[in-house]
Amino acid sequence: MNTIKLLQVFLDMPLGAAEISAFRKAVAQKAGYEFDVYHNHEENGKCIHRYPLVQYKRKQKNASLLFITEKAIEDAHELFKHSDWTLNIAGEPRKMRIENLDLRQYNLELADKPIYKYRLFSWLALNQENHQQYLQQNSLVDKIALLKKILIGNILSFAQNMEWTIDQQIELEITDFYRQKHTTYKDTTFLAFDLAFCTNVALPNYIGLGKAVSHGFGTIYPYRKKGEQKVGKVEKMKVKE
């Protein structure tokens, strides 16, 4: 059984949906560009092709950060060790204030049948090639079948980047299809999907799947009924403000 640690940092700092890219740049600058986990680029500017271990998100119109793996959590200290917590977001100074920290350890494991339920929002599933394939499908059933295949591929990609070998078949069903919408990422328009799915793969809550997960796209949420508890072992982490 593989385990993985995730640190969620919820900030008391308003952030617009169109400001996530500027927020990401400001955080990377504050932490120091030598820590490539924040921006996924080498010193020469070449992109590092890996699953983003720091993801920039919004929750209730406020900024938040997700650090994935022990290494990324260690580098979180490089951001918060500074005495000045002011970020320069597109020329506007804003003060970071921590509202809440959530450090959890998850077990990466497979069940015998699909028992894990999730919601997936603003999922950028399609690249140029399979976008045309999606549009050519004649029925919603066929479109969902294609999305199911892509989603399984996204899960396998995440597992590979976490050095987790999935040695049995992934079972997955898309149980609700809420909507598809057009969204813009890096001046390009994409189709984004909101849906729910169940699978036999235990996935950490709030990670991103698909394209542009570092910018908050494709975030998964637990499909919990009222009164159900969060999954994951909670640990405490102190950050000196």
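Our structure is the block above this text.
Residues numbered from 1 in each chain as written. Predicted model: local features only at pLDDT ≥ 70, side-chain atom pairs only at ≥ 80, totals over all residues. Heavy atoms only, no water.

A. Spotlight on the nonpolar core. Phe23, Tyr38, Leu65, Phe67 and Phe197 are the most contacted members of the largest nonpolar core, which has 67 residues in total. With eight residues, helix H4 (residues 140-161) is the single largest residue contributor to this core. What Phe197 contacts, discounting residues up to four positions off in sequence, is Tyr116, Lys117, Tyr118, Leu120, Leu151, Ile155, Leu172, Glu173, Ile174, Thr175, Leu203 and Ile220. Leu124, Tyr185, Phe190 and Phe217 belong to the second largest nonpolar core, which has six residues in total. (Core = buried A, V, L, I, M, F, W, Y, C linked by side-chain atoms within 4.5 Å. Buried < 20%, exposed > 50% of the residue type's maximum accessible area, 1.4 Å probe, protein only. Helix = DSSP H or I, 4+ residues; strand = E, 2+ residues; numbered from the N terminus. Contact = heavy atoms within 4.5 Å.)

B. Structural view of H4. Taking 1.5 Å of rise per residue, 22 residues should cover 32 Å, and H4 covers 31 Å from first to last C-alpha, within 8% of that figure. Looking at H4, one finds that the buried residues are Leu146, Leu147, Ile150, Leu151, Ile152, Asn154, Ile155, Phe158 and Ala159. On its buried face, H4 is in contact with strand E1 (2-14), strand E6 (98-108), strand E7 (116-123), helix H3 (128-135), strand E8 (172-185) and strand E9 (188-199). Positioned one or two residues after H4, Glu163 has a phi angle of 60°, which is positive. (Expected span 1.5 Å × (residues − 1).)

C. A look at the pairing of E1. Sheet analysis places E1 next to E6, joined by 10 bridges and oriented antiparallel. By the bridge assignment, Leu7 is partnered in E6 with Leu103. As judged from the six bridges shared by E1 and strand E3 (residues 62-68), these two strands associate in the antiparallel manner. Along E3, the bridge assignment pairs Leu6 with Ile68. (Pairing = 2+ DSSP bridges.)

D. View of the pattern of salt bridges. Under the defined criterion, the tally for this structure stands at 10 salt bridges. Note that Lys81 is salt-bridged to Glu78, the shortest N-O span being 2.7 Å. The class of Lys81 is exposed, set by a relative accessible area of 55%. Overall, the relative accessible area of 18% leaves Glu78 in the buried class. Here Asp102 ties to Arg104 by a salt bridge, and the two come within 3.0 Å at their closest N and O atoms. Comparing Asp102 with Arg104, the two get one shared label, buried. (Salt bridge = Lys/Arg side-chain N within 4 Å of Asp/Glu carboxyl O.)

E. Region of interest: the packing of H3 against H4. Close contact between H3 and H4 brings their axes to 9 Å; oriented N to C, the two are set at 155°. With respect to their mutual orientation, H3 and H4 come out roughly antiparallel. Where H3 crosses over H4, the handedness of that crossing is right-handed. Along its contact with H3, which presents Asn130, Gln133 and Tyr134, the element H4 presents Lys143, Leu146, Leu147 and Ile150. Here the residues of the contact of H3 with H4 sort into four nonpolar, two polar and one charged. (Axes fitted to C-alpha atoms, helices over the stretch in contact; angles between N-to-C directions. Parallel < 35°, antiparallel > 145°, perpendicular 65-115°, else oblique. Left-handed = near helix turned anticlockwise from the far one by under 90°. Nonpolar A, V, L, I, M, F, W, Y, C, P; charged D, E, K, R; others polar.)

F. Representation of a nonpolar patch on the surface. On the surface, Phe121, Tyr178 and Tyr223 cluster together to form a nonpolar patch covering roughly 250 Å² of accessible area. Along the chain, the position of Phe121 falls in strand E7. (Patch = residues over 30% accessible without salt bridge, like charges linked within 9 Å, V, L, I, M, F, W, Y side chains within 5 Å. Areas by Shrake-Rupley, 256 points an atom, 1.4 Å probe, with all protein chains shown as cover.)

G. Region of the structure containing the packing of aromatic side chains. The final tally for this structure, using the stated rule, is 13 aromatic pairs. Put simply, the rings of Phe121, Tyr178, Tyr206 and Tyr221 pair up and form one aromatic cluster. It is Arg119 that lies over the ring of Tyr223; its NZ or CZ is 3.9 Å from the centre. Sitting over the face of the ring of Tyr134, Lys143 holds its NZ or CZ atom 5.1 Å from the ring centroid. (Phe/Tyr/Trp six-rings, centres within 6.5 Å; stacked < 30°, edge-to-face > 60°. Lys NZ or Arg CZ within 6 Å of the ring centre and 35° of its normal.)

H. Examining the environment of Leu120 more closely. On the secondary structure map, Leu120 appears in strand E7. For the pair Leu120 and Pro222, spaced 102 residues apart in sequence, the C-alpha to C-alpha distance is 9.0 Å.

I. Representation of the side chain of Thr69 in the model. Structurally, Thr69 is set in the loop between E3 and helix H2 (70-80). The buried category is assigned to Thr69, whose relative accessible area is 18%. If sequence neighbours within four positions are ignored, Thr69 has contacts with Ile4, Lys5, Leu53 and Met162.

J. Just the sheet that holds strand E10 (residues 219-222), in detail. What the four strands build is an open sheet, ordered E8-E9-E7-E10; its pairing is antiparallel. At either end of the open sheet lies a strand with only one pairing partner, and these are E8 and E10. For this sheet, the mean inter-axis angle between neighbouring strands, taken without regard to orientation, is 20°. As paired strands, E8 and E9 are joined by 12 bridges and run antiparallel to one another. Its bridge partner being in E9, Phe177 is matched across the sheet by Leu195. Across the face of the sheet, H4 comes into contact with E7, E8 and E9 while running at roughly 85° to E8.

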